[in-house]
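Here is how the chains run, residue by residue.
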Amino acid sequence: MPQIVVLTGAGISAESGVPTFRDEDGLWEGHRVDDVATPEGFERDRAMVQRFYDERRAALAKVEPNAAHRALAELEESLGSALLVVTQNIDDLHERAGSRHVVHMHGELLKALCRSCGGTFPWTGALSDEPACPGCGVHDLRPDVVWFGEVPYEMDRIADALAEASMFVSIGTSGAVYPAAGFVQHARRHGARTLELNLEPSEGSHFFHEARQGRAGDLVPVWAREVLWS
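Note that the coordinates shown come from a computational prediction; the quantities given were computed from them, not determined experimentally.

> I tried to follow the UniProt feature "binding site: substrate" (unreviewed entry) in the chain on my own but got confused; where do I start?
Taking the numbering used here, the UniProt-annotated feature "binding site: substrate" (unreviewed entry) corresponds to Tyr53 and Arg56. Counting through the fold element by element, Tyr53 comes out in helix 4 (residues 46-59). Overall, the relative accessible area of 0% leaves Tyr53 in the buried class. Mapped onto the fold, Arg56 is located in helix 4.

Listed below in C-alpha cells is the structure:
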C-alpha cells in the first residue's frame, strides 16, 4: 500500500494551459455544465457533447506537463509504489511526465467507453462521427469521463490507500467536489499527516494539518525535495 497519497485537481493542470473545469459563472468553456457533464445532457444532445470532448481531446496535444507534474514523477522514481497519485483531472499530463501509479477517479479523456458492452478503449480521434466499438462493433461509444450523477472510478482502492497512508497531500483542488473533498478527513481519521498545496485556501483548507499557498509549479518541487531529504 502507498505511504503517500496525493490528490491532484484542476489547479495543477491549469498551469499547463488546461482550462479549469468551471468558471465563476458556472460555465465550462462557454457551455452549461449540465449540458456537457451529465448523462442527461448526453441524451439531450449527443452530437454536441461528442464534439465538445473531441475538442478537449485534440487540445491536449498542445499542452505539456509542468514542473509540478514532473516533480511528482521524479518523486515516484524514488518511492515507487509507495506514492499513489489520485487525480480528478481527465488529461494525461501525469503520465506524460512519467508517473505510473495514477488513479483517474473521473475517467480519462483519451479513452472511450462503450455503452453497449461496457468496454473501455484508448482513444485519440473523434467520437462525433460515431465510430464502431472496437470490442463489440456497436456504434455506441461515449467519452470515458465520469459525469455528475455517476460514481467515480476505483473508490474502494482509493479508500484503502487513504486508510493505510502516513501522509495525504492535496494539490490544486477546490475542496468543494465530493467525494474527493472528503479524502482529507478520511486520511486524518486513520492517522495520516495532511498537507494542502493550493493557489489559495480551499473550502476544506481548515481540515489540513498544514496549508501552503502558491503555484503548484513552485510548491510541489519544494515539497518533493523535503520528502526525499527527510
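> Help me understand the sheet that holds strand 6 (residues 107-114) in this model?
Hydrogen bonding along the main chain pairs the strands of a sheet, whether they run parallel or antiparallel. As summarised here, the arrangement of the three strands in space is 7-6-8, forming an open sheet in which the pairing is antiparallel. Both outer strands of the open sheet, strand 7 (120-122) and strand 8 (141-145), are each paired with one neighbouring strand and no more. The average angle at which neighbouring strand axes cross in this sheet is 45°, direction not considered. Strand direction decides the pairing type here: strand 6 and strand 7, joined by three bridges, are antiparallel. Looking at strand 7, one finds that Lys111 is bridged to Pro122.

> I keep staring at the domain arrangement of the chain and nothing clicks. Help me out?
It is common to give the size of an interface as the accessible area lost on bringing the parts into contact. Each assigned domain of the chain is listed with its residue range as follows: domain 1 (1-18 + 65-106 + 152-229) and domain 2 (19-62 + 109-145). For domain 1 versus domain 2, the distance between C-alpha centres works out to 25 Å. Contact with domain 1, which involves ten residues of that partner, is made by nine residues of domain 2. Carbon and sulfur atoms make up 60% of the surface buried where domain 1 meets domain 2, a total of about 830 Å² over both sides.

About the cut-offs
- Residues numbered from 1 in each chain as written.
- Predicted model: local features only at pLDDT ≥ 70, side-chain atom pairs only at ≥ 80, totals over all residues.
- Heavy atoms only, no water.
- UniProt positions renumbered as here; feature names shortened; annotations may be inferred.
- Helix = DSSP H or I, 4+ residues; strand = E, 2+ residues; numbered from the N terminus.
- Buried < 20%, exposed > 50% of the residue type's maximum accessible area, 1.4 Å probe, protein only.
- Pairing = 2+ DSSP bridges.
- Axes fitted to C-alpha atoms, helices over the stretch in contact; angles between N-to-C directions.
- Domains from an automatic or database assignment.
- Contact = heavy atoms within 4.5 Å.
- Buried area = accessible area lost by both parts, 1.4 Å probe.

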